[in-house]
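An overview of the molecular structure
Spelled out, the chains give:
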Amino acid sequence: MSEKKGLMTDSAPSSSDAPPVRRNALKVILLGDSAVGKSKLVERFLMQEYKPVQLSTYALTLFEYDCTRGDKKVMVDIWDTAGQERFDSMHPSYYIEAQCCILVFDATRKPTYKNLDKWYAELRSFRESIPCIVACNKIDAAAEDITTKTFAFAEKNSLPLMYVSAATGVNVVSLFERAIDEAIRSKAEAAPDLVQDVIDIMRELDKKPPTATTATK
Ligand SMILES: Nc1nc2c(ncn2[C@@H]2O[C@H](COP(=O)(O)OP(=O)(O)OP(=O)(O)O)[C@@H](O)[C@H]2O)c(=O)[nH]1
Ligand SMILES: [Mg+2]
């Protein structure tokens, strides 16, 4: 289904250095603590590979991924960045125009699960209603069969939860394919809203009495 995969830009997450957004491309972002496996998941999805050693992502990386849905070409930009230890919070440009979020925690480190609340709150402060998928990563390394556990965070926020492993590759393609489908849906739903917003603004302007532009004698 995919046509093109590749790393596009690698730059620091400041507004001036932010990678260019491809017009009409879907934007999928990854969020979560440092070392939960965000970069490894993208690597597994795009390159079908996994090398155990990884330096922490110190900068923002944007991957371009093109695929098809039916007879339509779909461009997807997948955004990956470093975790909370590096930056207190993400630069707003990370969230702008995002249509889906993959929220990752590490099945072997409880604090990364606890921090989902913080990441989710930040996501919602910028993107009120975009779809968000929770990914429980590193299930290969979890002490027990973690896939039999339910997680209150996902239930509380009515979010889908997927058990994945960047190391073995289990469920990784399904995770990203689902995120892309959700992003397509989210973008389609957002478009009519935008048109409606413009119509509402124009109606409001029509209602307002005209302001005097000529001086009276
Ligand atoms: N066992 C196991 N280890 C994993 C898995 N995914 C990632 N790792 C390891 O976890 C470490 C961190 O992975 P990264 O992908 O760099 O994590 P990150 O979330 O991108 O981290 P930052 O860039 O610092 O935000 C690496 O040593 C990976 O090899 C997995 O599914 N299973
Ligand atoms: Mg990383």
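Scanning the chain from N- to C-terminus turns up six helices and seven strands. Ordering the α and β elements of the chain from the N terminus gives β-β-α-β-β-α-β-α-α-β-α-β-α. Each of the 217 residues in the chain was classed as buried or not, and the buried ones make up 33%. Considering only residue pairs separated by 6 or more positions, the chain has 77% of its internal contacts joining residues 24 or more positions apart.

Moving on: helix α1 (residues 38-47). What α1 keeps buried is the set Lys38, Lys40, Leu41, Val42, Arg44 and Phe45. Backbone geometry just downstream of α1 places Gln48 in the positive-phi region, at approximately 55°.

Overall, the prediction assigns the chain a mean pLDDT of 83, with 75% of residues at 70 or greater. Confidence drops under pLDDT 50 across residues 8-16; counting only partners more than four residues distant or on other chains, this segment forms 24 contacts.

The set of residues buried in helix α4 (residues 116-126) consists of Leu116, Trp119 and Leu123. One side of α4 holds all its buried residues, which, seen down the axis, span an arc of 70°. The exposed set on the far side of α4, more than 90 degrees from its buried face, consists of Asp117, Ala121 and Ser125. Next to the buried residues of α4 lie β2 (26-31), α2 (92-95), β5 (100-106), α3 (110-114), β6 (132-137) and α5 (152-156).

Moving on, we get to the pairing of β5. In terms of burial, β5 is a largely internal element, seven of the seven residues being buried. Neither face of β5 is left uncovered, since the one carrying Cys100, Ile102, Val104 and Asp106 and the one carrying Cys101, Leu103 and Phe105 both have all their residues buried. Summarising the sheet, β5 and β6 pair through six bridges and their orientation is parallel. Bridged to Leu103 within β6 is Val134.

Bringing the environment of Asn171 into the picture now. Mapping Asn171 onto the fold places it in the loop between β7 (161-163) and α6 (172-207). Among the residues examined, Asn171 registers 19 C-beta atoms within 10 Å and is labelled partly exposed. Note: C-alpha distance between Asn171 and Phe45 (126 residues apart in sequence) is 9.8 Å. Beyond its immediate chain neighbours, meaning those up to four positions away, Asn171 contacts Met162, Tyr163 and Val164.

Thresholds applied
Residues numbered from 1 in each chain as written. Chains lettered and ligands numbered in written order. Predicted model: local features only at pLDDT ≥ 70, side-chain atom pairs only at ≥ 80, totals over all residues. Helix = DSSP H or I, 4+ residues; strand = E, 2+ residues; numbered from the N terminus. Buried ≥ 20, exposed ≤ 12 C-beta atoms within 10 Å, placed from the backbone. Contact = placed C-beta atoms within 7 Å. pLDDT = per-residue confidence, 0-100. Arc of directions from axis to C-beta. Pairing = 2+ DSSP bridges.

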